[in-house]
Amino acid sequence: MFDGLYFEYPSVAFVILLFILCAVICKMKLPSLYFPHISQFMKVSNGASKLLLFLKWLSIAMLIVSLMSPVKDEPYELEPKKGYEIALILDASESMKAKGFDESNRDLTRFDVVKKIVSDFIISRKNDNMGIVVFGAYSFIASPLTYDANILKDVVSNLYIGMAGKFTALFESLAQGVNLLKASKSVSKIAILLTDGYNTPDSEFPFEAAIDFAKKHDVKVYPIGIGKSNEYNKKMLDKIAAQTGGVAFGASNASELNVVYAKINELEKSDIDNETFSFLRYYYIFPLVVSFLSLILYMLFRNKRGYN
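Residues numbered from 1 in each chain as written. Predicted model: local features only at pLDDT ≥ 70, side-chain atom pairs only at ≥ 80, totals over all residues. Heavy atoms only, no water.

I tried to follow the overall build of the protein on my own but got confused; where do I start?
Of regular secondary structure, the protein possesses ten helices and nine strands. Expressed as a percentage of its 308 residues, the buried residues of the protein come to 42%. Considering only contacts within the protein whose residues lie at least 6 apart along the sequence, 82% involve residues at least 24 apart. Here the protein displays about 17200 Å² of accessible surface, and carbon together with sulfur accounts for 59% of that area. (Helix = DSSP H or I, 4+ residues; strand = E, 2+ residues; numbered from the N terminus. Buried < 20%, exposed > 50% of the residue type's maximum accessible area, 1.4 Å probe, protein only. Contact = heavy atoms within 4.5 Å. Areas by Shrake-Rupley, 256 points an atom, 1.4 Å probe, with all protein chains shown as cover.)

Okay, here's the thing in structure tokens:
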């Protein structure tokens, strides 16, 4: 606690010499009207016990230490808030119930695996402002943009399959992700769109509208197709990436999906150093309290024992 402690006014320590000098060679003669007890306090009585002597000088010494202003520089890091704005768009349709995506634990559903990998991705992006969009037959914002990774992880852990309906409103979900980011003034806005299916045929939200919306607000899209997606879906995801400046990925298992998120992490790396500051923590209150308590005890014991 006290490593690196120093005094702002070390020269005040010489005041102790004045107290010693007065105690040895001079008698204090001050008007009792102004200082009714100080002469008694400074006076060393022949009958004063060692305890009283100790308390008196402890009070004086601690008061002087307090006036010297013990202080310590304590550095801290200010978390930067200049990273990316990221919309995590997650498919929670019925098809995400499929198992066997993780070869190490084939009982897990695709969505279970996605939630774990996405949570790890969130933790790795310490400087970014992220939000979550969930979609099925419709889409909604599960979490607004936040720098708080713990909140985002809690949101992800509470997502479940079918919470947005059975089907896949892919284009609507992209527009919702852009909607999450559009108010941001950040120059780096990206959407990571993960799905295991293709857009519901009777979806009322057209592909062109979603793309135009993303381009209008400068949102770069990284589509990820998981599972054994058909050729149509692959072409669609490639097209989304090409027209928004992103890159399309595919992952047929959990290991490949981990690699995909790692690649995106590298492609959109936030190389922002935390700013380091320091503030002064003052400790004068501790010796001041000791001085005050010592003075109180001194006066109490002196009066109790009847010293003159």
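Would you explain the environment of Ser188 in this entry?
Along the chain, the position of Ser188 falls in the loop between α6 (170–181) and β6 (189–195). Contacts of Ser188, omitting those with residues within four sequence positions, involve Tyr84 and Glu85.

For this particular structure, what's the right way to read the sheet that holds strand β3 (residues 85–91)?
Paired through backbone hydrogen bonds, the strands of a sheet run either parallel or antiparallel to each other. On the basis of which strands lie adjacent, the open sheet formed by six strands has the order β5-β4-β3-β6-β7-β8 and mixed pairing. Each edge of the sheet is formed by a strand with only one pairing partner; in this case those strands are β5 (139–146) and β8 (249–251). Averaged over all neighbouring strand pairs, the angle between strand axes comes to 15 degrees, with direction disregarded. Pairing of strand β7 (residues 219–226) with β8 involves three bridges; the strand directions are parallel. The partner of Ile226 across the bridge, within β8, is Ala251. Across the sheet, helix α5 (residues 149–157) is in contact with β4 (129–135) and β5; its angle to β4 comes to roughly 10 degrees. The strands touched by α6 are β3, β4, β5, β6 and β7; relative to β5, the strand with the most contacts, the crossing angle is about 25 degrees. (Pairing = 2+ DSSP bridges. Axes fitted to C-alpha atoms, helices over the stretch in contact; angles between N-to-C directions.)

Sorry, what's going on with unusual backbone geometry here?
The bulk of non-glycine residues show a negative phi, and the bulk of peptide bonds are trans. One non-glycine residue with positive phi stands out, namely Ser69, at about 60 degrees. What makes Ser69 buried here is its relative accessible area of 8%. Even without being a glycine, Asp218 presents a positive backbone phi close to 55 degrees. With respect to the helices, strands and loops of the structure, Asp218 is situated in the loop between α7 (207–216) and β7. On the basis of relative accessibility, which here comes to 59%, the residue Asp218 falls in the exposed class.

Is there a simple way to think about the pattern of salt bridges in this case?
Side chains that differ in charge, positive against negative, can pair when their charged atoms come close. According to the stated counting rule, one finds six salt bridges in the structure shown. Across the salt bridge formed by Glu94 and Lys97, the nearest N and O atoms sit 3.1 Å from each other. Overall, Glu94 belongs to the partly exposed group, its relative accessible area being 28%. (Salt bridge = Lys/Arg side-chain N within 4 Å of Asp/Glu carboxyl O.)

What exactly am I supposed to notice about the confidence of the model for the protein here?
Reading predicted coordinates in detail is not appropriate for stretches of low pLDDT. Taken as a whole, the protein shows an average pLDDT of 85; of its residues, 84% reach a score of 70 or greater. Of the regions scoring below 50 in pLDDT, residues 28–35 engages in five contacts with residues more than four places distant in sequence or in other chains. (pLDDT = per-residue confidence, 0-100.)

Mind showing me how you'd approach the packing of aromatic side chains here?
This model, assessed by the stated rule, comprises six aromatic pairs. A ring pair is formed by Tyr222 and Phe249, whose centres lie 6.5 Å apart and whose planes are at 20 degrees; its orientation type is stacked. Linking Tyr222 in strand β7 with Phe249 in strand β8, this pair joins segments that are 27 residues apart in sequence. Each member of the pair, Tyr222 together with Phe249, is buried. (Phe/Tyr/Trp six-rings, centres within 6.5 Å; stacked < 30°, edge-to-face > 60°.)

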